[in-house]
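Working through the structure, step by step
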Amino acid sequence: MARMAMPMALVCFFSLACAAAAAAAPPTVLSRIAGLDAKLNSSRGGFAWVTGIDEKDLETKAQVSLLEDTEVGFPTLDSLLQWAIGHSDPEKLKDSARETMRLTPEELAKRRADIKELMERLKMPSDADLMRIAIKDLKNSSLSVDEHKRALDELLELVEPIDNANDLNKLGGLEAVIDVLQSPEEDIRVAAAWVLGKASQNNRLVQSQILQMETLPALMKMVTATSEEEAVKALYAVSAVIRNYPAGHEAFYEQGGARLLQELLSSSSTSQRLMKKALFLVADLAEQLAEAGGGLSSYVPEDELVESVVQILGSSDLDTQEKALMALKSLARVGSTHKTLKGVSGLDVALEKLRRTLEQLMLEQDHVELARDMEELRKEVAASLQVGRI
């Protein structure tokens, strides 16, 4: 459908309102309208856009900043008109109106063209446009580490919608993010792993693409990093890539995933934060094993892994103990592991000790609800294994 020409009255009103408001507009607003602000704010999360871009990209970023700036935003023509009116002097508007009505048809046509050009510049760029810019910046080796980090931060938010995540590989972004997993900069590796995890969450297409690009081993290696943040984000990505995805489970086991989890759970150097995420993954994998058939059902969790989960019941951190109970409940659903659990020395003692601890916590107002929930979970584990006092 062809666009309708802007009515003359609207041209006049829009022109005079904007002209009158311009006199009162802050310099920062005028610079944004002119597209001259070199350090623009991103529309997503307040990140500063990188500057290693060409003129076309800068124009797109200027549009975003103008449209979604926290002080002045013009997502629609109506909102722009409202802003112009609100920042105008009524007397000046009247004077401008008289002057504008005396314009010749040629002058009005030029004014109409100027307004049309302005409105074209105010168009909101699509998510795909923003992703292309971020990917281009990420691939630009001449940019600084901070600028690459900003590009990854932008992608982190952009890939949250599943449609955008599906476009990541089409736009060349998936390969670009995977490439920087090898960056010498920790912040870049952490951000890249986070983006991969976010993009692959509940997304079979991206899970498959990451698996085909043989990225899982690199992520699993990052889980053993000395940096807690890097290890946590890498384990988050691993979990997202394989969750509810049989092919991902198989690849995880083939790459020594069970051994990796056992090492995390048994090491005294593993942080509580990483420990809890590892326990959550153990529970998730056990649930999938209990429900799966064929190849997956032939995988048997190693005795050492099961014993490590039992040992964690003695942790002093309630949240960690709860995650251990959840893992045990799921492991008990796996036939071969159920038998192993019943034979683990000290399980009944650990469950009974935990029962007494929870009993005391129920007397404290601050912990009563958590303690009750954990006691119900503890009873389920004890009942399923028929060990300890229920």
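Computed from a predicted model, the values in this text were never measured in an experiment. (Residues numbered from 1 in each chain as written. Predicted model: local features only at pLDDT ≥ 70, side-chain atom pairs only at ≥ 80, totals over all residues. Heavy atoms only, no water.)

**Some remarks on the overall build of the chain**
Of the regular secondary structure elements, the chain holds 22 helices and zero strands. Per-residue burial for the chain yields a buried fraction of 47% across its 390 residues. Pairs at least 24 apart in sequence give 70% of the contacts found in the chain among residues at least 6 apart. (Helix = DSSP H or I, 4+ residues; strand = E, 2+ residues; numbered from the N terminus. Buried < 20%, exposed > 50% of the residue type's maximum accessible area, 1.4 Å probe, protein only. Contact = heavy atoms within 4.5 Å.)

**Digging into the packing of aromatic side chains**
Within this structure, the stated rule accounts for one aromatic pair. Positioned above the aromatic ring of W194, the side-chain terminus of K233 is 4.4 Å from the ring centre. (Phe/Tyr/Trp six-rings, centres within 6.5 Å; stacked < 30°, edge-to-face > 60°. Lys NZ or Arg CZ within 6 Å of the ring centre and 35° of its normal.)

**Thoughts on a negative patch on the surface**
Among the surface-exposed residues, D146, E185, E186 and D187 lie close enough to one another that they form a single negatively charged patch. Mapped onto the fold, D146 is located in helix α8 (residues 145-158). A relative accessible area of 52% means that D146 is categorised as exposed. (Patch = residues over 30% accessible without salt bridge, like charges linked within 9 Å, V, L, I, M, F, W, Y side chains within 5 Å. Areas by Shrake-Rupley, 256 points an atom, 1.4 Å probe, with all protein chains shown as cover. Salt bridge = Lys/Arg side-chain N within 4 Å of Asp/Glu carboxyl O. Lys, Arg positive; Asp, Glu negative; His and termini not counted. Charge placed at Lys NZ, Arg CZ, Asp CG, Glu CD.)

**Some remarks on the pattern of salt bridges**
A complete count under the given rule lists 17 salt bridges for this structure. Where R132 meets D129, a salt bridge forms, and the shortest distance between an N and an O atom there is 3.3 Å. Of this pair, R132 and D129 both sit in helix α7 (residues 127-139), three residues apart, roughly one helical turn. The partly exposed category is assigned to R132, whose relative accessible area is 43%. A salt bridge links K276 to D319, with the nearest nitrogen and oxygen atoms 3.2 Å apart. Of this pair, K276 sits in helix α17 (residues 272-291) while D319 sits in helix α19 (residues 318-331), and the two are 43 residues apart along the sequence. Under the relative-accessibility criterion, K276 is labelled partly exposed at 21%. Bridged by salt links that share partners, the residues E228, E229, K233 and R273 form one connected network.

**Examining the packing of α8 against helix α11 (residues 186-200)**
At their nearest, the axes of α8 and α11 sit 9 Å apart, and the two run at 15° to each other. When the axes of α8 and α11 are compared, the pair comes out roughly parallel. Of the two possible hands of crossing, α8 and α11 adopt the one that is left-handed. Contacts between α8 and α11 involve V145, H148, K149, L152, L155 and L156 from the first element and D187, I188, A191, A192, W194, V195 and K198 from the second. Its residues assigned to classes, the contact of α8 with α11 shows nine nonpolar, one polar and three charged. (Axes fitted to C-alpha atoms, helices over the stretch in contact; angles between N-to-C directions. Parallel < 35°, antiparallel > 145°, perpendicular 65-115°, else oblique. Left-handed = near helix turned anticlockwise from the far one by under 90°. Nonpolar A, V, L, I, M, F, W, Y, C, P; charged D, E, K, R; others polar.)

**Things to note about the environment of G343**
Counting through the fold element by element, G343 comes out in helix α20 (residues 335-343). Its relative accessible area of 58% is what places G343 among the exposed residues.

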